[in-house]
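# Geometric and topological summary
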Amino acid sequence: MRLLETVAGHEYGAPAKQLARETGLALPTTYHLLRTLVHEGYLRRDKGLFFLGDAAERLSCSGAQQKRRSTVVDILARWRDAIGAPVYYAVYREGEIEVVCVSDTPGNPAVEEWADFRETGHAHAVGQCLLSQLDEDARRDHLDRYPVRPVTPYTVCDDHSLLRRLERTRRMDLVIERQEYALGAVCAAIPITVGTTAASLAISLPAHQADRLLPAAQRLQVEMGRLVGSLALSISI
């Protein structure tokens, strides 16, 4: 690990003798470790100089992704505790609804995914929010692959009704859904658009607390405005 760190500190590479001196390792040990690291792809050798290899770069990339995901988890947990409701973060990526992170507690549990979130985007607030950010062709493509179907007695009944609802939803409007995906639960979703990627933050509450939904969602909307950049980073996760 010291060798890897030392090589990383030399943008234009370094020879074995210099690496041995800087790490305090014996030269024979340094040569042995360098050969092993080159063989495993963590380093590469070019004209007697050593550079980071593809395997080391993959480690670095994974570490950065983990750090970004950890940041999102921490932010959602903070909002969950402040608002007293589960918080969801989702993106629309490569034609699919992807729930990136859910933060809940035993006292405030998230809505159970009893029907695949990807296939029921027409029914839940997260999906409706994401679909409302797409253009008409992308919406129709999604519905061709995942047709509207009843999930509860309150679910929108057909493609035409859903498309009309989505067209009436202004790009940055809150999306409210009452028991359309899960009986006994109400949800609100807030759109986030970063570049060409559609994303959404959402909360859910038991139906008997429906009067709390709009104020809680509006509070989340204010809070997220301060930290949306941190969430945007996770779109690349």
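Higher on the page you've got the structure.
In this report, we go over the structure that sits alongside the text.

Let's shift gears to the environment of G24. Position of G24 among the secondary structure elements: in the loop between α2 (16-23) and α3 (27-40). Counting along the chain gives 22 residues from G24 to R2, while the straight-line C-alpha distance between them is 9.5 Å.

Glancing now at the nonpolar core. Soluble globular proteins: nonpolar side chains tend toward being buried together. Within the largest apolar cluster, 29 residues are counted, with the highest numbers of intra-cluster contacts made by Y92, V111, L130, L162, Y181 and A189. Counting only elements with at least two residues in this core, the list comes to β3 (87-93), α5 (125-132), α7 (159-168), β6 (185-194) and β7 (197-206). Sort the elements by how many residues they give to this core and α5 lands first, with 5 residues. When sequence neighbours within four positions are dropped, the list of residues in contact with Y92 reads I97, L130, L131, L134, A138, H142, R145, T197 and A198.

With that settled, consider the packing of aromatic side chains. Tallied over the entire structure, the rule returns 2 aromatic pairs. Their ring planes at 45° and their centres at 6.1 Å tell us that W114 and Y181 sit as a pair that is tilted. Of this pair, W114 sits in the loop between β4 (96-103) and α5 while Y181 sits in the loop between β5 (175-178) and β6, and the two are 67 residues apart along the sequence. In this structure Y181 comes out as buried when scored by relative accessible area, which is 3%. Note on F117 and Y181: the rings are 5.3 Å apart at their centroids and 45° apart in plane angle, and the pair reads as tilted. Of this pair, F117 sits in the loop between β4 and α5 while Y181 sits in the loop between β5 and β6, and the two are 64 residues apart along the sequence. There is no split in this pair, since F117 and Y181 are both buried. Put simply, the rings of W114, F117 and Y181 touch in pairs and so form one group of aromatic residues.

Thresholds applied
- Residues numbered from 1 in each chain as written.
- Predicted model: local features only at pLDDT ≥ 70, side-chain atom pairs only at ≥ 80, totals over all residues.
- Heavy atoms only, no water.
- Helix = DSSP H or I, 4+ residues; strand = E, 2+ residues; numbered from the N terminus.
- Core = buried A, V, L, I, M, F, W, Y, C linked by side-chain atoms within 4.5 Å.
- Buried < 20%, exposed > 50% of the residue type's maximum accessible area, 1.4 Å probe, protein only.
- Contact = heavy atoms within 4.5 Å.
- Phe/Tyr/Trp six-rings, centres within 6.5 Å; stacked < 30°, edge-to-face > 60°.

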